[in-house]
Amino acid sequence: MAKPVASKRVRGLDRAAVGRSAWGLYGETQRPGAPGLGARLIATPRLIRDVLGRRYPGVGPGRLAALAVLAFVYLVSPIDAIPDFIPVLGWSDDTAVVVWFLTGLTRESGRYLEWLRQQPAAD
């Protein structure tokens, strides 16, 4: 007899989807010892500078630029999943793309701060 498979759903949502969501980011910032949301936001410009300067190995500058360009192109493109002329709903897909990009950037800034903690102190 096969063992029952543990559910990967959390209150009707896939755990992986929750983990990647903005709510998952909030939970990540509440872990003991994890960088808080404010520290992540403050560190984001340094993250971008160190990625572009190739000092941070977590993300390549090409990947960061590609994701930023893709998000920007989707926002300015006249072709959308939901047409912009539909009130409120028309902007929801654009908002989702912005939230997706900013959530990913904020999560990476947390990994960046943890990476900085592990670096030897410069004299």
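So, here's what we can say about the structure. (Residues numbered from 1 in each chain as written. Predicted model: local features only at pLDDT ≥ 70, side-chain atom pairs only at ≥ 80, totals over all residues. Heavy atoms only, no water.)

A few words on the packing of helix α3 (residues 37-52) against helix α5 (residues 89-118). Running from N to C, α3 and α5 point in directions that differ by 85 degrees, and their axes come no closer than 8 Å. The pairing of α3 with α5 is recorded here as roughly perpendicular in orientation. In contact with Leu37, Ala39, Arg40, Leu41, Ala43, Thr44, Arg46, Leu47, Ile48 and Asp50 of α3, α5 contributes Leu105, Thr106, Arg107, Glu108, Ser109, Gly110, Tyr112, Leu113 and Leu116. (Axes fitted to C-alpha atoms, helices over the stretch in contact; angles between N-to-C directions. Helix = DSSP H or I, 4+ residues; strand = E, 2+ residues; numbered from the N terminus. Parallel < 35°, antiparallel > 145°, perpendicular 65-115°, else oblique. Contact = heavy atoms within 4.5 Å.)

On to the packing of helix α4 (residues 61-76) against α5, then. A pair of packed helices is characterised by two quantities: the angle between their axes and the separation of those axes. Direction vectors running N to C along α4 and α5 enclose 165 degrees, while the axes themselves pass 9 Å from each other. It follows that α4 is roughly antiparallel to α5 by the angle criterion. Where α4 crosses over α5, the handedness of that crossing is left-handed. Between α4 and α5, the contacting residues are Leu64, Leu67, Ala68, Ala71, Tyr74 and Leu75 on the first element and Asp93, Asp94, Val97, Val98, Trp100, Phe101 and Leu105 on the second. Taken together, the residues of the contact of α4 with α5 sort by class into eleven nonpolar, no polar and two charged. (Left-handed = near helix turned anticlockwise from the far one by under 90°. Nonpolar A, V, L, I, M, F, W, Y, C, P; charged D, E, K, R; others polar.)

Counted according to the given criterion, the structure contains three aromatic pairs. When the ring of Tyr56 is compared with that of Tyr112, the centres are 5.2 Å apart and the planes differ by 90 degrees; the resulting orientation is edge-to-face. Of this pair, Tyr56 sits in the loop between α3 and α4 while Tyr112 sits in helix α5, placing them 56 residues apart in sequence. As far as burial versus exposure is concerned, Tyr56 and Tyr112 are alike and both buried. Here Tyr56 falls in the buried class, since its relative accessible area comes to 6%. (Phe/Tyr/Trp six-rings, centres within 6.5 Å; stacked < 30°, edge-to-face > 60°. Buried < 20%, exposed > 50% of the residue type's maximum accessible area, 1.4 Å probe, protein only.)

Before going further, it helps to examine a nonpolar patch on the surface. Judged by side-chain polarity, Val69, Phe72, Val73, Leu75, Val76, Val98 and Leu102 come together as a nonpolar surface patch covering roughly 600 Å² of accessible area. Contributions of two or more residues to the nonpolar patch are made by α4 and α5. The element that contributes the greatest number of residues to the nonpolar patch is α4, accounting for five residues. Mapped onto the fold, Val98 is located in helix α5. (Patch = residues over 30% accessible without salt bridge, like charges linked within 9 Å, V, L, I, M, F, W, Y side chains within 5 Å. Areas by Shrake-Rupley, 256 points an atom, 1.4 Å probe, with all protein chains shown as cover. Salt bridge = Lys/Arg side-chain N within 4 Å of Asp/Glu carboxyl O.)

Within the secondary structure, Asp50 sits in helix α3. Since its relative accessible area comes to 7%, Asp50 is described here as buried. Residue contacts for Asp50: discarding those within four places in its chain leaves Arg55, Tyr56 and Tyr112.

With respect to the helices and strands, Pro35 occurs in the loop between α2 (22-29) and α3. Residue Pro35 is classed as buried on the basis of its relative accessible area of 4%. A C-alpha to C-alpha distance of 8.7 Å links Pro35 and Arg111, two positions 76 residues apart in sequence. Discounting residues that sit within four places of it in the chain, Pro35 has contacts with Thr29, Arg40, Gly110, Leu113, Glu114 and Arg117.

Treat this as a map of the structure, not an account of what it does.
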